[in-house]
Amino acid sequence: MASLPSTDASYISKWATFSASAFIQACAGLSYSFSVYAPTIKDTLGLTQTQIATVGSAVNLGGYFAIVSGSVYDSLKGHHRLGPRLVLWMGCLCCFCGYTGLYLMASGKAPNNFPQLLVFAVAAGNSGTYFDTTTLVTNVRNFPNERGFVVGVLKSFLGLSSSVYTSVYVAFFEPDAVAFLLMLALLPTGLAGLLSLGLNYVPYVEASEAVQQQQQQHQHQQHAGSSSSRWRTTQGRFLS
């Protein structure tokens, strides 16, 4: 790695940020596990099929408000350490409040109020947008030359998140979906909050990346030069 000034010494490696982001993304797809606890909420609260479908739509609606997390991230992008962490903490708060509310209502510890249930569902669904925005944008900024690879890997972990937590439900909680809701409120929040300490935007270029950029520029210049010389002759203007 290139030598850094003393003011940059406290930055966490972008590879550590990438590793932490992969595990955070494994907590970003909790909305896809709605079918696990939906029957319990329906039976416990005495909802109709239309009402439980509306709750599912509310969870999805929360996931459509990613513009909020994106706007917050953009407003904090000048803060290389605190910015990504603060956005992630906002997602942790949404996750905790949303799934805790669903747990309290499903367990009968909170009054049966359908509009309030929808608010909790929106908050639960919206939490994933903060996780997704923080990890994707931070790593794309950290790896400008490998953006496709970075996005592909992180989105793969997002896709795995539902399978992971559904497997946890089957292994440890089935058929107690109420306890599973409590776990969704605590485990992803705690895990993402802990891993947030590994997130930061690294505002410098590593030596290996600088060499790679120079090689790409050199190859581009060679290709441009060979193309121009080729078209100055008949070789490049006629079919063989």
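Residues numbered from 1 in each chain as written. Predicted model: local features only at pLDDT ≥ 70, side-chain atom pairs only at ≥ 80, totals over all residues. Heavy atoms only, no water.

Things to note about the confidence of the model for the chain
Step number 1: Per-residue pLDDT for the chain has a mean of 88; in total, 85% of the residues score no lower than 70.
Step number 2: Confidence scores differ between elements of the chain, with helix H9 (residues 207-231) showing the lowest mean pLDDT of 64 and helix H5 (residues 82-106) the highest of 97.
Step number 3: Long-range and interchain partners of residues 1-7, a stretch whose pLDDT sits below 50, account for seven contacts in this model, where long-range means more than four residues apart.
Step number 4: With pLDDT under 50 throughout, residues 236-240 is counted as low confidence; its partners more than four residues away or in other chains account for four contacts. (pLDDT = per-residue confidence, 0-100. Helix = DSSP H or I, 4+ residues; strand = E, 2+ residues; numbered from the N terminus. Contact = heavy atoms within 4.5 Å.)

Details of helix H3 (residues 49-63)
Step number 1: With 15 residues, H3 extends 22 Å from end C-alpha to end C-alpha; this agrees with the ideal 21 Å at 1.5 Å per step.
Step number 2: Regarding H3, the residues found buried are Ile52, Val55, Gly56, Ala58, Val59 and Gly62. For H3, the buried positions fall inside an angular range of 150° around the axis, keeping them on one side. Relative to its buried face, H3 has exposed residues pointing more than 90 degrees away, namely Gln49 and Thr50.
Step number 3: Here the buried face of H3 lies against helix H2 (34-45) and helix H6 (114-142). (Expected span 1.5 Å × (residues − 1). Buried < 20%, exposed > 50% of the residue type's maximum accessible area, 1.4 Å probe, protein only. Arc of directions from axis to C-beta.)

Things to note about the packing of aromatic side chains
Step number 1: Summed over all chains, the structure comprises eight aromatic pairs.
Step number 2: Between the aromatic rings of tryptophan 15 and phenylalanine 143, the centroid separation amounts to 4.9 Å while the plane-to-plane angle is 65°, which identifies the pairing as edge-to-face. Of this pair, tryptophan 15 sits in helix H1 (residues 14-25) while phenylalanine 143 sits in the loop between H6 and helix H7 (147-173), and the two are 128 residues apart along the sequence.
Step number 3: What makes phenylalanine 143 buried here is its relative accessible area of 3%.
Step number 4: Grouped by ring-pair contacts, the aromatic residues Trp15, Phe18, Phe143 and Phe149 constitute a single cluster.
Step number 5: Of note, arginine 81 hangs over the ring of tyrosine 11, and the distance from its end group to the ring centre comes to 4.0 Å. (Phe/Tyr/Trp six-rings, centres within 6.5 Å; stacked < 30°, edge-to-face > 60°. Lys NZ or Arg CZ within 6 Å of the ring centre and 35° of its normal.)

Quick look at the packing of H1 against H7
Step number 1: Two elements in contact, H1 and H7, have axes whose closest approach is 7 Å; the angle formed by their N-to-C orientations is 30°. Each of Phe18, Ser21, Ala22 and Gln25 in H1 lies in contact with H7, whose residues at this interface are Phe149, Val150, Val153, Leu154, Lys155, Phe157, Leu158 and Ser161.
Step number 2: Broken down by class, the residue content of the contact of H1 with H7 amounts to eight nonpolar, three polar and one charged. (Axes fitted to C-alpha atoms, helices over the stretch in contact; angles between N-to-C directions. Nonpolar A, V, L, I, M, F, W, Y, C, P; charged D, E, K, R; others polar.)

With respect to unusual backbone geometry
Step number 1: Here glutamate 174 and proline 175 are connected by a cis peptide whose omega angle stands at 5°.
Step number 2: Looking at where proline 175 falls in the secondary structure, it is placed in the loop between H7 and helix H8 (177-195).

Side note on the nonpolar core
Soluble globular proteins tend to bury their nonpolar side chains together.
Step number 1: In this structure, Tyr37, Ile41, Tyr99, Leu102, Leu181 and Leu184 are the most contacted members of the largest nonpolar core, which totals 42 residues.
Step number 2: Sorting elements by how many residues they give to this core places H8 first, with nine residues.
Step number 3: Apart from the residues lying within four places of it in its own chain, the contact partners of leucine 102 are Tyr37, Ile41, Leu117, Phe120, Ala121, Ala124 and Leu181. (Core = buried A, V, L, I, M, F, W, Y, C linked by side-chain atoms within 4.5 Å.)

Regarding the packing of H2 against H5
Step number 1: Between H2 and H5, whose axes approach to 9 Å, the crossing angle comes to 45°. Relative to H5, H2 is oriented oblique. Together, Tyr37, Ile41, Thr44 and Leu45 of H2 and Tyr99, Leu102, Met105 and Ala106 of H5 make up the contact between the two elements.
Step number 2: Each residue belonging to the contact of H2 with H5 can be placed in one class, and the counts come to seven nonpolar, one polar and no charged. (Parallel < 35°, antiparallel > 145°, perpendicular 65-115°, else oblique.)

Describing the pattern of salt bridges
Oppositely charged side chains can form a pair if their charged atoms are brought close together.
Step number 1: One pass over the full model with this rule turns up one salt bridge.
Step number 2: One salt bridge connects lysine 155 with aspartate 132, and the closest N-O pair in it is separated by 2.9 Å. Residue lysine 155 is found in helix H7, and its partner aspartate 132 is found in helix H6; the two are separated by 23 residues along the sequence.
Step number 3: Among the residues examined, lysine 155 registers a relative accessible area of 35% and is labelled partly exposed.
Step number 4: Residue classification places aspartate 132 among the buried residues on the basis of a relative accessible area of 16%. (Salt bridge = Lys/Arg side-chain N within 4 Å of Asp/Glu carboxyl O.)

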